Amino acid sequence: MRVVGGLYKGRVLVPFDGDRIRPTSDKVRESFYNIVRDKVYGCNFLDLFCGTGAMGIEALSRGASFVQLNDFSKDSLTVVKKNLEKLKITDNVKITNFDATGCLKNSIQKFDIIYIDPPYKSDLGIKVLPFVGEALTDDGIAVYESETPFNERVSGLEIYDTRKYGRAYLTFFKKGE
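The following paragraphs examine the structure supplied in this document. Everything quoted here is computed from the prediction, not taken from an experiment.

## Thoughts on the sheet that holds strand 6 (residues 157–165)
Read from one edge of the open sheet, seven strands run 3-2-1-4-5-7-6, paired in mixed fashion. Whereas interior strands pair on both sides, the edge strands pair on one side only; in this sheet they are strand 3 (93–96) and strand 6. Across this sheet, the average inter-strand angle for adjacent strands is 15°, counted without regard to direction. With respect to the sheet, helix 3 (residues 74–87) is in contact with strand 2 (66–70) and strand 3, its orientation differing from that of strand 3 by roughly 160°. Running over the sheet, helix 5 (residues 124–135) touches strand 4 (111–116), strand 5 (136–146), strand 6 and strand 7 (168–175) and is turned about 165° from strand 5.

## As for the pattern of salt bridges
When their charged atoms lie close together, side chains carrying opposite charge are able to pair. Taken as a whole, this structure holds six salt bridges when the rule is applied. With its nearest N and O atoms 3.0 Å apart, the salt bridge here joins Glu-58 to Arg-62. The class of Arg-62 is partly exposed, set by a relative accessible area of 23%. For Glu-158, the salt bridge identified is with Lys-174, shortest N-O distance 4.0 Å. One end of the pair, Glu-158, is in strand 6; the other, Lys-174, is in strand 7, with 16 residues separating them in the sequence. What makes Glu-158 partly exposed here is its relative accessible area of 37%. Its relative accessible area of 35% is what places Lys-174 among the partly exposed residues.

## Description of the packing of helix 1 (residues 26–40) against helix 2 (residues 54–61)
The relative placement of two packed helices comes down to the angle between their axes together with the axis-to-axis distance. The interhelical angle for the contact between helix 1 and helix 2, taken along N-to-C directions, is 40°, at an axis separation of 11 Å. Here helix 1 is positioned oblique relative to helix 2, judged by the angle of their axes. Handedness of the helix 1/helix 2 crossing: right-handed. Seen from helix 1, the contacting residues are Arg-29, Phe-32, Tyr-33 and Val-40; seen from helix 2, they are Ala-54, Met-55, Glu-58 and Ala-59. Residues of the contact of helix 1 with helix 2, tallied by class, amount to six nonpolar, no polar and two charged.

## Remarks on unusual backbone geometry
A positive phi angle, close to 60°, is found at Lys-88, a residue other than glycine. Residue Lys-88 is classed as exposed on the basis of its relative accessible area of 69%. Positive phi values are uncommon outside glycine, yet Asn-92 reaches one of about 65°. Structurally, the position occupied by Asn-92 is in the loop between helix 3 and strand 3.

## Quick word on the nonpolar core
Judged by nonpolar contacts, the single largest core of 33 residues is most densely connected at Phe-32, Tyr-33, Val-36, Phe-45, Ile-113, Tyr-115 and Leu-170. Elements that contribute at least two residues to this core include exactly helix 1, helix 2, strand 2, helix 3, strand 4, strand 5 and strand 7. Excluding its chain neighbours within four sequence positions, the residues that come into contact with Tyr-33 are Val-40, Phe-45, Met-55, Glu-58, Ala-59 and Arg-62.

## Regarding helix 3
Helix length check: helix 3, at 14 residues, gives a terminal C-alpha distance of 20 Å against a target of 20 Å (1.5 Å per residue), a fit within 8%. Along helix 3, the positions that sit buried rather than exposed are Ser-76, Leu-77, Val-79, Val-80, Asn-83, Leu-84 and Leu-87. What you see down the axis of helix 3 is that its buried residues fit within an arc of 155°, all on one side. In helix 3, the exposed positions that point more than 90 degrees away from the buried face belong to Lys-74, Asp-75 and Glu-85. Where the residues of helix 3 are buried, they touch helix 2, strand 2 and strand 3. Put simply, Ser-73 is the residue that caps the front of helix 3, since its side-chain oxygen is 3.2 Å from the backbone nitrogen of Asp-75. Backbone geometry just after helix 3 places Lys-88 at a positive phi near 60°.

## Observations concerning the pairing of strand 5
Among the eleven residues in strand 5, nine count as buried, and that is most of the element. Pairing between strand 4 and strand 5: five bridges, direction parallel. The partner of Ile-114 across the bridge, within strand 5, is Ala-142. A crossover connection joins strand 4 to the parallel strand 5 through helix 5; in handedness this β-α-β unit is right-handed. Strand direction decides the pairing type here: strand 5 and strand 7, joined by six bridges, are antiparallel. What sits directly across from Ser-146, in strand 7, is Tyr-169.

Conventions used here
- Residues numbered from 1 in each chain as written.
- Predicted model: local features only at pLDDT ≥ 70, side-chain atom pairs only at ≥ 80, totals over all residues.
- Heavy atoms only, no water.
- Pairing = 2+ DSSP bridges.
- Helix = DSSP H or I, 4+ residues; strand = E, 2+ residues; numbered from the N terminus.
- Axes fitted to C-alpha atoms, helices over the stretch in contact; angles between N-to-C directions.
- Contact = heavy atoms within 4.5 Å.
- Salt bridge = Lys/Arg side-chain N within 4 Å of Asp/Glu carboxyl O.
- Buried < 20%, exposed > 50% of the residue type's maximum accessible area, 1.4 Å probe, protein only.
- Parallel < 35°, antiparallel > 145°, perpendicular 65-115°, else oblique.
- Left-handed = near helix turned anticlockwise from the far one by under 90°.
- Nonpolar A, V, L, I, M, F, W, Y, C, P; charged D, E, K, R; others polar.
- Core = buried A, V, L, I, M, F, W, Y, C linked by side-chain atoms within 4.5 Å.
- Expected span 1.5 Å × (residues − 1).
- Arc of directions from axis to C-beta.
- Polar contact = N/O pair within 3.5 Å; in protein donor to acceptor, adjacent residues only side chain to side chain.
- Right-handed = clockwise from strand over helix to strand, strands pointing away.

Next up, the structure:
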């Protein structure tokens, strides 16, 4: 696993053991950042289920002003800290250890981009979506990564795009009714 663009492009991230962390593939990350490239520079970015931290590190690499890396798993946060140390990233990043809903409810920060990549076999992403709109800036976006298409209505959010990459679906939301 490597950083695919920006300041840290090509840098390899630390390996992790086991199958408890399912990182977003390089291909999906690269495609996502190609889609949102105009929104990343200077943005506030929340990686809600950060796993290895790769998605948020990619945002920092591409010029995000601030990145919050959140995960409930202390094992994941250990990997995140190792990746930040390896790349010597100390500024403009905050690591939090909350469940996803608690992270959104307790945040005073508003985000321009929220990336939601829960464990595929759980309903955690669906449970957290109703709280996402309140954490977004007025023109912010949220992206939900899942292994099945998502087309349900979510209060406060509106789907504006869906993409499929291998087994991953990315559903893009903006604030809505």
